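Structural description and commentary
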Amino acid sequence: TCEYELHNVPPAGPPAFVFCIDTCAPVEELTELADSIQQILNLLPEDSLVGLITFGTNVQVHEIGFGGLPKAYVIRGNKEYGTAKVSQLLGCAPVAGGKGGGAPPPPAPPGQQQTNGMPPQQQTYESPGQQVLRRFLLPVSECSMTVESILDDLRKDPWPVPSDKRVARCTGCAMSVATSLLDLALPRSGARLMMFVGGPCTSGPGQIVNRLKTEDMRSHADISRNAEPLHKPACEFYASLARRNHPAAGKKGSSTQAAANASATSAHVVDVFACSLDQVGMLEMAELVEATGGQMVLGDSFGQSVFKESLRRVFRTFEPDVPEDGGKMQMAFGATLEVLTSREFKVSGAIGPVTSLGKKGPNVSDLEVGKGGTNAWSLGGVDPETTVAIYFDISNPGTSPLPEGKRRFIQFLTKYQHANGRTRLRATTLCGPWYNPPPGEGEKRAPPQPGVNGYNGNMEQPSPVKMSFDQEAAAVLLARVAVDRTGSEDVADVLRWVDRSLIRLCSKFADYVPDDPNSFRLAPEFSLFPQFVFHLRRSQFLQLFNSSPDEAAYYRYILNRENTTNSLVMIQPTLLSYSFNGPPQPALLDSQSVRPDTILLLDTFFHVVVFHGETCAAWREQRYHEQEEHAAFRDLLEAPQADAQTIMDNRFPVPRYIVCDQHKSEARFLMAKLNPSQTHNSEGGGGAQVFTDDVSLRVFMEHLMKLAVQS
């Protein structure tokens, strides 16, 4: 991998941050949110630009460059505003002016020429973008006091709300005004629009529910049978925000495709921080967030660490000892990715926070996976953790083997705008061998008896393809395809596709005698893959029970942008067991692991759960850990909490931390993830019972073996 700084591209200047705050939230929530944003202002580089917008029934654009007293422009929140209209409403039409600051001069009296105190030949014309940068987007070193005073005086939206109605919240209108502001001032520079939302949009564009409380929020069932009339218009509105200033985008293809083409020429990122016990419209906004490479964080309250710490971690910086980048922010903007390959294979597509650029080439496959039909994508905003899955298609026909020693080549070209404003190009080149399978490889034959002629029990000599199978990466790649397909197919059809994929893999690579399930064996390279698929089928990515449409969209978006290790934790959570018998031990994700005298630490990526067995919980309630003679028990209680803190320290979004006891309500966070080897229908056995009708891993494997060996 080599990275180059492109000096032929002029610097874009420092990044801008527009904070868009929902004032319909309760006063306590607004206080917590204001405190978090004030802390963020102290983390920003001094030359970073800052803007502030608040919204409720209407949208208020705060003129932080106006000295003396707070000043804001109020825009009605019941309709969408284009860039030109926003410029007009904010008084940013082109005017003559000099170098001085302050508000635009008043219009000249009739019959007199406006000179602004200067001879006509010395006048310069101030563009709308320059006026925005002078009045609404200022360096944090110049406006931090003004912004902090506005945040200190934040008040709940004053418009009265009848008891039978929801508050009027114009989230979509606020987003359109904010994007217009950035398009006017910084059309090519890096910027983040950070939306802080405390409830659903009930007014204007992007509305997802009517104000009357008698109407429920949309559910999975409503969306699947097209019974929610506001869902599709809201999705189309948010997709249009990404392509509004790029008319060429969207002439063909879906709205998502069009949004992608638009974001390729824009370095503006949209982040959504939703903190509410109700849905806020994350499902509809996900299209825009993905098109711009933004972040999504879903929490219950702006006072939770899930929100507070996650917001701080958006602004993480490189370690001081990192060459060139020490102390700089890790975020980057306007990223694009291009994939080049040798002739023997082609690019099928990509899945992740990417949008197609529609770039055709000889290495673009007709078989599309995810966002295909191109070899280049826009990533929008990126950071060191952003991960994209690229899928390839072998184009060389199987009838013409490749020459011995032939090697394959892949090159990834990533271009992005660094936080310092400079443009960089990163080139990563990979090389590897091809393998020509000999005739007849893969055919299943009756094996000789073990021990005969040196046979050790294996049915055939393993091929290099089989030996190099990465089951962890394969599970994540399969999960991404499955999640991507849920956008256009019914979940039941996706589950059947996942099952067929697993059966085909086992039929091809397992060792077995046809029609004899007892002979079924998987090599170590494949042995964990079926259980990954088992847990994927039960995960929140494919099972919609007990999750709202917003939660499903959030979980799926995070899965599609995280690396293999984190994605595996989401699919098959990790479990550690703590007891008096020795140091912490990895435990099977099984109901048999639940013991009265043990403490379990479960990491699902989104939740970190410390689960106390029945006996340990009783001892803790009797305060044995406060007595010196029970210091070992005190250490046992503290160990999982320390390890949980270590897990949460470096993760984004910050997981929710849950401490619970066996047989208590919050124990469901653990029990729902365990393999139900013991249920209410089982007899005998150890461990805890899981009240479910789901099949266990053992039953799942029995059915898999039976179907895989069928001739």
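Residues numbered from 1 in each chain as written. Predicted model: local features only at pLDDT ≥ 70, side-chain atom pairs only at ≥ 80, totals over all residues. Heavy atoms only, no water.

**Points about the overall build of the chain**
- Helix and strand counts for the chain come out as 20 helices and 25 strands.
- Taken across its 711 residues, the chain has 50% of its residues classed as buried.
- For the chain, the proportion of contacts with a sequence separation of at least 24, taken over those separated by at least 6, is 71%.
- When the accessible area of the chain is evaluated, it comes to approximately 33100 Å², of which 52% is carbon and sulfur surface. (Helix = DSSP H or I, 4+ residues; strand = E, 2+ residues; numbered from the N terminus. Buried < 20%, exposed > 50% of the residue type's maximum accessible area, 1.4 Å probe, protein only. Contact = heavy atoms within 4.5 Å. Areas by Shrake-Rupley, 256 points an atom, 1.4 Å probe, with all protein chains shown as cover.)

**Here we look at the nonpolar core**
- Formed by 95 residues in total, the largest nonpolar core has its most connected members in Ile-53, Val-59, Val-61, Met-175, Val-177 and Leu-193.
- For Val-177, the residues in contact, after removing those within four places along its chain, are Ile-53, Val-59, Val-61, Ile-75, Tyr-81 and Val-86. (Core = buried A, V, L, I, M, F, W, Y, C linked by side-chain atoms within 4.5 Å.)

**Here we look at the packing of aromatic side chains**
- Counting across every chain of the model gives 22 aromatic pairs.
- Measuring from centroid to centroid gives 6.4 Å for Phe-580 and Phe-633, while their planes differ by 40°, and the two rings are tilted. With Phe-580 in the loop between strand 21 (574-579) and strand 22 (582-586) and Phe-633 in helix 18 (residues 631-649), the pair connects residues that are 53 residues apart, well separated along the chain.
- On the basis of relative accessibility, which here comes to 44%, the residue Phe-580 falls in the partly exposed class.
- Ring plane angle 85° and centroid distance 5.3 Å describe the contact between Phe-605 and Phe-606, whose orientation is recorded as edge-to-face. Judged on exposure class, the residue Phe-605 and its partner Phe-606 are both buried.
- Within the aromatic cluster, the residues linked to one another by ring pairs are Phe-19, Phe-196, Phe-273, Phe-302 and Phe-307.
- Its end group placed over the ring of Phe-66, Lys-71 keeps NZ or CZ at 4.6 Å from the ring centre.
- Positioned over the ring face of Phe-509 is Lys-508, at 5.8 Å from the centre of the ring. (Phe/Tyr/Trp six-rings, centres within 6.5 Å; stacked < 30°, edge-to-face > 60°. Lys NZ or Arg CZ within 6 Å of the ring centre and 35° of its normal.)

**Let's talk about the sheet that holds strand 12 (residues 332-341)**
- What the 6 strands build is an open sheet, ordered 1-18-17-12-15-14; its pairing is antiparallel. With one partner strand each, in any of the chains shown, strand 1 (2-5) and strand 14 (355-356) form the two edges of the open sheet.
- The pairing of strand 12 with strand 17 (residues 407-417) spans 7 bridges and is classified as antiparallel. Counted as the bridge partner of Leu-340 is Gln-411 from strand 17. (Pairing = 2+ DSSP bridges.)

**With respect to the packing of helix 12 (residues 471-485) against helix 14 (residues 529-538)**
- At a minimum axis separation of 9 Å, helix 12 and helix 14 run at an interaxial angle of 30°. Relative to helix 14, helix 12 is oriented roughly parallel. The element helix 12 and its partner helix 14 pack so that their crossing is right-handed. In contact with Gln-471, Glu-472, Ala-474, Ala-475, Leu-478 and Ala-479 of helix 12, helix 14 contributes Phe-529, Phe-532, Val-533 and Leu-536.
- Residues that form the contact of helix 12 with helix 14 fall into these classes: 8 nonpolar, 1 polar and 1 charged. (Axes fitted to C-alpha atoms, helices over the stretch in contact; angles between N-to-C directions. Parallel < 35°, antiparallel > 145°, perpendicular 65-115°, else oblique. Left-handed = near helix turned anticlockwise from the far one by under 90°. Nonpolar A, V, L, I, M, F, W, Y, C, P; charged D, E, K, R; others polar.)

**Focus on the pairing of strand 18 (residues 423-433)**
- Two strands pair when backbone bridges link them, and strand 1 and strand 18 are joined in this way by 4 bridges, in the antiparallel orientation. Across the sheet, the residue bridging to Glu-3 is Arg-426, located in strand 18.
- Bridging between strand 17 and strand 18 involves 11 bridges; their strand directions are antiparallel. What sits directly across from Ile-410, in strand 18, is Leu-430.

**Considerations on helix 10 (residues 305-314)**
- Of all the 10 residues making up helix 10, 7 are buried; the element is thus mostly covered by neighbouring parts of the structure.
- Every buried residue belonging to helix 10 is among Val-306, Phe-307, Lys-308, Ser-310, Leu-311, Arg-313 and Val-314, and all of these are buried.
- Residues of helix 10 that are buried make contact with helix 1 (27-43), strand 9 (191-197), strand 10 (268-275), strand 11 (296-299), helix 18 and strand 25 (656-661).

**As for helix 15 (residues 549-559)**
- Here helix 15 lies mainly inside the structure; 10 of its 11 residues are buried.
- Of all the positions in helix 15, only Pro-549, Asp-550, Ala-552, Ala-553, Tyr-554, Tyr-555, Arg-556, Tyr-557, Ile-558 and Leu-559 are classed as buried.

**What to know about the confidence of the model for the chain**
- Mean pLDDT over the chain: 87, with 88% of residues reaching 70 or higher.
- Note that pLDDT drops below 50 for residues 111-116; the model gives that stretch 12 contacts with residues more than four away or on any other chain.
- Note that residues 451-459 has pLDDT below 50 and, in this model, 10 contacts with residues that lie over four places away or in other chains. (pLDDT = per-residue confidence, 0-100.)

**A closer look at the packing of helix 14 against helix 20 (residues 697-708)**
- Two numbers describe how helix 14 lies on helix 20: the axes approach to 11 Å, and their chain directions differ by 115°. Relative to helix 20, the crossing made by helix 14 is right-handed. Residue-level inspection shows Pro-530, Gln-531, Val-533, Phe-534 and Arg-537 of helix 14 in contact with helix 20, the latter providing Leu-697, Phe-700, Met-701 and Leu-704.
- Classifying every residue of the contact of helix 14 with helix 20 by side-chain character gives 7 nonpolar, 1 polar and 1 charged.

**Some words on the sheet that holds strand 25**
- Pairing is mixed across the open sheet formed by 5 strands, whose spatial order is 22-21-23-24-25. In this open sheet, the two strands that pair with only one neighbour each are strand 22 and strand 25. Averaged over all neighbouring strand pairs, the angle between strand axes comes to 15°, with direction disregarded.
- With 6 bridges connecting them, strand 24 (residues 607-612) and strand 25 associate as parallel partners.

**Examining the side chain of Ser-356**
- Locating Ser-356 in the fold gives a position in strand 14.
- Here Gly-358 takes part through its backbone nitrogen, which lies 2.9 Å from a polar atom of the side chain of Ser-356. (Polar contact = N/O pair within 3.5 Å; in protein donor to acceptor, adjacent residues only side chain to side chain.)

**Details of the pattern of salt bridges**
- Applying the stated criterion to the full structure yields 30 salt bridges.
- Where salt bridges share partners, they join Glu-3, Glu-5, Asp-325, Arg-422, Arg-424 and Arg-426 into one cluster. (Salt bridge = Lys/Arg side-chain N within 4 Å of Asp/Glu carboxyl O.)

**So, unusual backbone geometry**
- The peptide bond linking Phe-652 to Pro-653 adopts the cis configuration, its omega dihedral lying at -10°.
- Of note, Pro-653 is situated in the loop between helix 18 and strand 25.
- For His-663, which is not a glycine, the phi torsion comes out positive at approximately 75°.
- Topologically, His-663 is positioned in the loop between strand 25 and helix 19 (668-671).

**Some words on the pairing of strand 11**
- Across 4 bridges, the pairing between strand 10 and strand 11 is parallel. Note on strand 11: the bridge partner recorded for Val-272 is Met-296.
- The β-α-β motif built from strand 10, the intervening helix 9 (residues 282-292) and the parallel element strand 11 has right-handed crossover chirality. (Right-handed = clockwise from strand over helix to strand, strands pointing away.)

**Things to note about the environment of Ser-539**
- Note on placement: Ser-539 falls in the loop between helix 14 and helix 15.
- A relative accessible area of 2% places Ser-539 in the buried class.
- Placed 33 residues apart in sequence, Ser-539 and Gln-572 show a C-alpha to C-alpha distance of 8.3 Å.
- A polar atom in the side chain of Ser-539 sits 2.7 Å from the backbone oxygen of Leu-536.

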